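Here are the chains, one letter per residue:
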Amino acid sequence: AILTLADQCWHEFPLSAASFQSSLNGAYQITSIANSEVFQNEGLGRIKNTLGNTKYGRWTHQPICTEILEGVGDKLCVYTNSSFSHGRGISIFTTPTIAEEVAGLPAFQDPAALPKANVNIDSRVWEAKSIPGKGIGVVAKRTLKFKDRVTAYTPALLAYLDDGLELLEREKYLRIAVEQLPEATRDSYLHLAYIYGYPDIRVQDIVKGNTFQLQLAGQNHLAIFPETSRFNHDCSPNAQYYLDPELLTHFVHTTRPVAPGEEINLVYTSPLEDTATRQQKLQDGFHFTCSCSRCTAHSTDPTLDQMQGMQDSLNDWSATSTGSPKLAEKLLQLYRKEGLEGFLDIPYGFAALAYNAVGNSKEAEKYANLAREAILMKDGPWTPNLQLWNELLKDSKKHWSYRRRLE
Ligand SMILES: C[S@@+](CC[C@H](N)C(=O)[O-])C[C@H]1O[C@@H](n2cnc3c(N)ncnc32)[C@H](O)[C@@H]1O
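Owing to the predicted nature of the structure, the values given are computational and were not obtained by experimental measurement.

About the thresholds
Residues numbered from 1 in each chain as written. Predicted model: local features only at pLDDT ≥ 70, side-chain atom pairs only at ≥ 80, totals over all residues. Heavy atoms only, no water. Near = heavy atom within 4 Å. Polar contact = N/O pair within 3.5 Å; in protein donor to acceptor, adjacent residues only side chain to side chain. Areas by Shrake-Rupley, 256 points an atom, 1.4 Å probe, with all protein chains shown as cover. Helix = DSSP H or I, 4+ residues; strand = E, 2+ residues; numbered from the N terminus. Nonpolar A, V, L, I, M, F, W, Y, C, P; charged D, E, K, R; others polar. pLDDT = per-residue confidence, 0-100. Contact = heavy atoms within 4.5 Å. Salt bridge = Lys/Arg side-chain N within 4 Å of Asp/Glu carboxyl O. Buried < 20%, exposed > 50% of the residue type's maximum accessible area, 1.4 Å probe, protein only. Phe/Tyr/Trp six-rings, centres within 6.5 Å; stacked < 30°, edge-to-face > 60°. Pairing = 2+ DSSP bridges. Axes fitted to C-alpha atoms, helices over the stretch in contact; angles between N-to-C directions. Disulfide = S-S within 2.5 Å.

### Observations concerning the site of the ligand
Step number 1: Close to the ligand lie 16 residues, the nearest being Lys134, Ile136, Arg230, Asn232 and Phe286.
Step number 2: Take isoleucine 136: an N or O atom from its main chain is 2.7 Å from a nitrogen atom of the ligand.
Step number 3: Contact distances for the ligand include 2.9 Å between an oxygen atom and a backbone N or O atom of phenylalanine 286.
Step number 4: Computed on the free molecule, the ligand has an accessible area of 560 Å², of which 89% lies beneath the protein chains in the complex.
Step number 5: Elements supplying a minimum of two residues to the shell around the ligand: strand 5 (135-140), helix 11 (202-210) and strand 10 (232-233).
Step number 6: Looking at side-chain class alone, the shell around the ligand contains seven nonpolar, seven polar and two charged residues.

Structure (structure tokens):
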């Protein structure tokens, strides 16, 4: 595939601040730039593409490009297609080669591809609402079951990460990208939450607090999905997401039943890391202190240690290993108790191996199927991890783990 998802990156940095931070180290630098004369004189808001909707190949606007950038080995250009997905529009700041590849994807080429998958359509199961202490959040409008779809949207903006541009230079191009979007999409972008509050770098300030990462042609790009950006964080999230590289779509599904009026959350950082690490990452990346149940409970870190110890035992294939189906079932219970239903591929996978290792292929296959289902919801069909369980399911008795703990 020409387009692959950043390997595991969303596990650790689902909403990554990497691009914004790569060219500046904290608020002080922003302050000094925002107040500088250069900035005042450049008047970024005034730079506009005046060419309108002339045809430029697959794009509705004339691409506006940088010089050749050393770190990129090419120029980067703003590509906008304002008629993408029935007028939702999309802007991409990337190299000409990558833009060409992206424009060849089914999301662009097949007019039926997005409607067929109900992408960019209001699912009517959620609404954006003010949540005390968290700004706007996503709330369920009706009862949702396990695995119900909540949202499916394409990005308003995609931009090359690690472009080596100066902060203000990047702002100039990203601003053009956002300004060229159709009005409704542009407004939904510009109304998103931001972190620092400097209007002159507003487009990147929004990037800072709302970015997902994906790979286009093997290169990391940031992606802003305006609707999806309204999901707040919780360390026991009741929803998971994955990105579809062909439809360029961000899908969110529930990982456990959700009641009407309940907030629907994603997790912004790995929920398997200790509380101090999670808090630090949320503070650095998103400037808030997490007060979710797992961030406030004293039992969270000891439970995580216990889970890690159990996983180590289940991963130990020596003759003295204490790994067993019973231990795997206990691990599964702990994941559930911690509200980690979106991450059950790990204990399901351990259970599949542990059962197969004692020759119980029926249970092994049951858990391998559950692990597959969990991975699909978490990583989408493109993940290499799926292969792990497909192999076991192909012929569990020929799998390396079969009767491994009996012999
Ligand atoms: C991707 S946005 C989420 C939507 C945002 N609340 C809004 O009003 O648009 C990320 C920002 O939401 C806020 N946020 C998200 N989860 C939070 C939480 N659990 N507690 C407090 N603030 C949170 C933080 O300000 C964070 O920078």
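### Quick word on the confidence of the model for the protein chain
Predicted coordinates in regions of low pLDDT should not be interpreted in detail.
Step number 1: For the protein chain, the mean per-residue pLDDT works out to 87, and 86% of the residues sit at or above 70.
Step number 2: In this model, residues 1-54 is a region of pLDDT below 50 whose contacts with residues beyond four sequence positions or in other chains number 124 contacts.

### Description of the pattern of salt bridges
Step number 1: For the structure on display, the rule yields 15 salt bridges.
Step number 2: Lysine 147 is the salt-bridge partner of glutamate 373, the closest N and O atoms lying 2.9 Å from each other. Of this pair, glutamate 373 sits in helix 17 (residues 361-379) while lysine 147 sits in the loop between strand 5 and strand 6 (149-153); the two residues are 226 residues apart in sequence, bridging distant segments of the chain.
Step number 3: Take glutamate 373: its relative accessible area is 26%, and that puts it in the partly exposed class.
Step number 4: Accessibility expressed as a relative area gives 40% for lysine 147, which makes it partly exposed.
Step number 5: Linking glutamate 273 and lysine 281 is a salt bridge whose minimum nitrogen-to-oxygen distance equals 3.0 Å.
Step number 6: A relative accessible area of 26% means that lysine 281 is categorised as partly exposed.

### Quick word on the environment of glutamine 62
Step number 1: Inspection of the secondary structure assignment puts glutamine 62 in the loop between helix 4 (37-42) and strand 1 (64-65).
Step number 2: Taking C-alpha positions, glutamine 62 is 8.1 Å from threonine 80, a pair spaced 18 residues apart along the chain.

### Some remarks on the packing of aromatic side chains
Step number 1: What the rule picks out here adds up to 13 aromatic pairs.
Step number 2: Each ring, one from tryptophan 59 and one from tyrosine 79, has its centre 5.2 Å from the other, and the planes form 45°; the classification is tilted. Placement of the pair is tryptophan 59 in the loop between helix 4 and strand 1 and tyrosine 79 in strand 2 (residues 77-81), with a sequence separation of 20 residues. Across the pair, tyrosine 79 and tryptophan 59 agree in class, each one buried.
Step number 3: Clustering of aromatic rings is evident, with ring pairs tying together Trp59, Tyr79, Phe84 and Phe108.

### Describing the sheet that holds strand 12 (residues 249-254)
Step number 1: Read from one edge to the other, the open sheet built from three strands follows the order 6-12-11, with strand pairing classed as antiparallel. For this open sheet the edge positions go to strand 6 and strand 11 (239-244), each flanked by a neighbour on one side alone. Between one strand and the next, the sheet's axes are offset by a mean angle of 15°, whatever the strand orientation.

### Looking at the state of the cysteines
Step number 1: Taken as a whole and judged by the stated rule, the model has one disulfide.
Step number 2: We note that cysteine 292 lacks a disulfide partner, and the nearest cysteine sulfur, in cysteine 290, lies 3.5 Å from it.
Step number 3: Note on cysteine 292: relative accessible area 7%, which makes it buried.

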